[in-house]
Amino acid sequence: MHPAHPNTSCNVTWLEGCFKNKGYNHSDFRCAAIFWSRTSSSVLSLVGCLFAAFIIILYQKYKALTGRLILSLIVPSIVVPSCCLNRDITSSPGCKITGFFFQYGILSQRLIVLSISTYLYLLVIMERRYRYLEYVFHACIWTVAMAVSLVPFNDKLYGPAGDWCWIMDRSDDNDNCSRKKGDAYRFGCYYIPMIFILLIEIILYTFIVRKVRKEFVGVEAVDEERFEWYKKYIRPLYYYPLMNIILAIPTTANRVQNLVNPEKPNFILYLFHSIVFPIWGLCYSLLFLLDEDTRRLLRPLRLCRYAYRAASSINLRSRDGNVNEPPFPSPIFPSPVPSLSDFAVGAPLLGEHSSAQRSIYTTPVASTVAMTSEVEGNYVE
């Protein structure tokens, strides 16, 4: 006999009975397995995301558009596992707020990966880089995610949703045991947008892979300059859409089963869901940390040296107000560079300029300051 739903006379599933109090139901091994798998994945994801963010800031990778896109992806990837660590899976106000941030974080993640796919498509297929594209991305991502995440408040549907706080499958209406309203909000606010995003990503990624394999893979020995351009602008973001597609498979399969047979949740599918859902951030962080250029920065001696530089650059002023120069160039206070320095390398690609002009594209970001006016006319408005 299943215990009654806390707010109705409805019978609940074993999963809803797992987290009816703070913590989990110790008498059911399925509850313990889901709880500890979710907790472990969340902790690993948090550690990976925080370390990746630290490396991006320490080595100033945020000065390039690729670094800023990855950092933007890491921010909601910190929010999601933080929400998964919440032990109060009840109808409390804290759980409702956690459910809102959980929805906001996962939707922001998916939209940022879609932006990465769009950026790669414009760069590789259309061979254009637009001046204000980054601002358009951020305006759309955070505004759309916020607007959609506020919708479930209309029917007070944020609260306990299985093994975390999210959109409840049943409302607090004491006269209604139906799951239709909760399922409608879940699919309307998350699953339908996610499926739509995945379809677009698959289409864009197919074109990107074909073009990259045809024009960039294997050209290192033939055209070193073009290969360096590929390493700088394409390779750092190349695998994020693919990772997003792969990780969506087990979670989508579980939700489809839950929609078809909501009264009998599948333990194996929910276990995989609990492992995979919080770990997206860890996978994104590993893609960044395992990149060839980033791996070179993770050598212990270099990491310690840059950390010391950062610590030395914090106290730049003496008590009399004079500026104290750090012992060597500071990673926190570098030479001034324009905020859009990564965009200042031009829009048309390599084949449309002379060799002298093409050298701009492979120049380090810190050296593009003097070139900004030279390439200003190459943007696509």
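Scroll up for the structure.
Residues numbered from 1 in each chain as written. Predicted model: local features only at pLDDT ≥ 70, side-chain atom pairs only at ≥ 80, totals over all residues. Heavy atoms only, no water.

Caption draft 1: The arrangement of the packing of helix 8 (residues 240-260) against helix 10 (residues 280-289) in detail. Where helix 8 meets helix 10, the closest approach of the two axes is 11 Å, and the angle between their N-to-C directions is 155°. It follows that helix 8 is roughly antiparallel to helix 10 by the angle criterion. Crossing hand, helix 8 versus helix 10: right-handed. Between helix 8 and helix 10, the contacting residues are Y240, M243, N244, L247, A248 and T251 on the first element and W280, C283, Y284, L287 and F288 on the second. Of the residues assigned to the contact of helix 8 with helix 10, the class counts are nine nonpolar, two polar and no charged. (Axes fitted to C-alpha atoms, helices over the stretch in contact; angles between N-to-C directions. Helix = DSSP H or I, 4+ residues; strand = E, 2+ residues; numbered from the N terminus. Parallel < 35°, antiparallel > 145°, perpendicular 65-115°, else oblique. Left-handed = near helix turned anticlockwise from the far one by under 90°. Contact = heavy atoms within 4.5 Å. Nonpolar A, V, L, I, M, F, W, Y, C, P; charged D, E, K, R; others polar.)

Caption draft 2: Structural detail: empty space enclosed by the protein. Tallied over the full model, the rule gives two cavities of 30 Å³ or more. Each pocket or cavity is described by its volume, and for the second largest cavity that value is around 50 Å³. As for the second largest cavity, its lining consists of D183, R186, F187, Y191, R255, N258 and L259. Residue assignment for the lining of the second largest cavity shows that the elements contributing at least two residues are helix 6 (180-215) and helix 8. No other element matches the four residues that helix 6 contributes to the lining of the second largest cavity. A class-by-class count of the residues in the lining of the second largest cavity yields three nonpolar, one polar and three charged. (1 Å grid on protein atoms, 1.4 Å probe; cavity = no way out; pocket = protein on both sides within 12 Å on 5 of 7 lines; lining within 4 Å. Points joined across faces, edges and corners; volume = space filled by probe spheres on them.)

Caption draft 3: Here's a closer look at the packing of helix 4 (residues 93-124) against helix 10. Interhelical geometry of helix 4 versus helix 10 gives an angle of 30° and a closest axis separation of 12 Å. The angle between the axes of helix 4 and helix 10 places the two elements in the roughly parallel class. As helix 4 runs across helix 10, the sense of the crossing is left-handed. The segment helix 4 lies against helix 10, with Q109, R110 and V113 engaging W280, G281 and Y284. Per-class residue counts for the contact of helix 4 with helix 10 are three nonpolar, two polar and one charged.

Caption draft 4: Seen up close, the pattern of salt bridges. In the structure shown here, the tally under the stated rule is five salt bridges. The closest approach of N and O atoms between E134 and R68, which form a salt bridge, is 2.7 Å. A residue pair is termed long-range when its members are at least 10 positions apart, and E134 in helix 5 (residues 133-150) and R68 in helix 3 (residues 65-84) qualify at 66 residues. The exposure class assigned to E134 is buried, which follows from its relative accessible area of 8%. Note that R296 and D293 form a salt bridge whose closest N and O atoms lie 2.7 Å from each other. You can see R296 and its partner D293 sitting in helix 11 (residues 292-297), three residues apart, about one turn around the helix. When salt bridges with common partners are traced through the structure, they connect R235, D291, E292, D293 and R296 into a single cluster. (Salt bridge = Lys/Arg side-chain N within 4 Å of Asp/Glu carboxyl O. Buried < 20%, exposed > 50% of the residue type's maximum accessible area, 1.4 Å probe, protein only.)

Caption draft 5: Expanded view of the state of the cysteines. Under the counting rule described, the total for this entry stands at one disulfide. Paired by a disulfide, C95 and C165 hold their sulfur atoms 2.0 Å apart. The S-S bond linking C95 to C165 shows a torsion near -115°; that makes this disulfide left-handed. Note that C95 is positioned in helix 4 and C165 in strand 2 (residues 164-167), a separation of 70 residues in sequence. (Disulfide = S-S within 2.5 Å.)

Caption draft 6: The pairing of strand 2, seen in detail. Pairing of strand 1 (residues 158-161) with strand 2, which is carried by four bridges, proceeds in the antiparallel orientation. Bridging from a neighbouring strand, A161 pairs with W164 of strand 2. The loop that links strand 1 with its antiparallel partner strand 2 comprises two residues; one of these, G162, has a positive phi angle of about 80°. (Pairing = 2+ DSSP bridges.)

Caption draft 7: Local environment of the environment of I141. Position of I141 relative to the elements: it lies in helix 5. In the structure, I141 is positioned 26 residues away from S115 in sequence and 8.3 Å away in space, judged by C-alpha atoms. Those residues in contact with I141 that sit more than four places away from it in its chain are S108, L111, I112 and S115.

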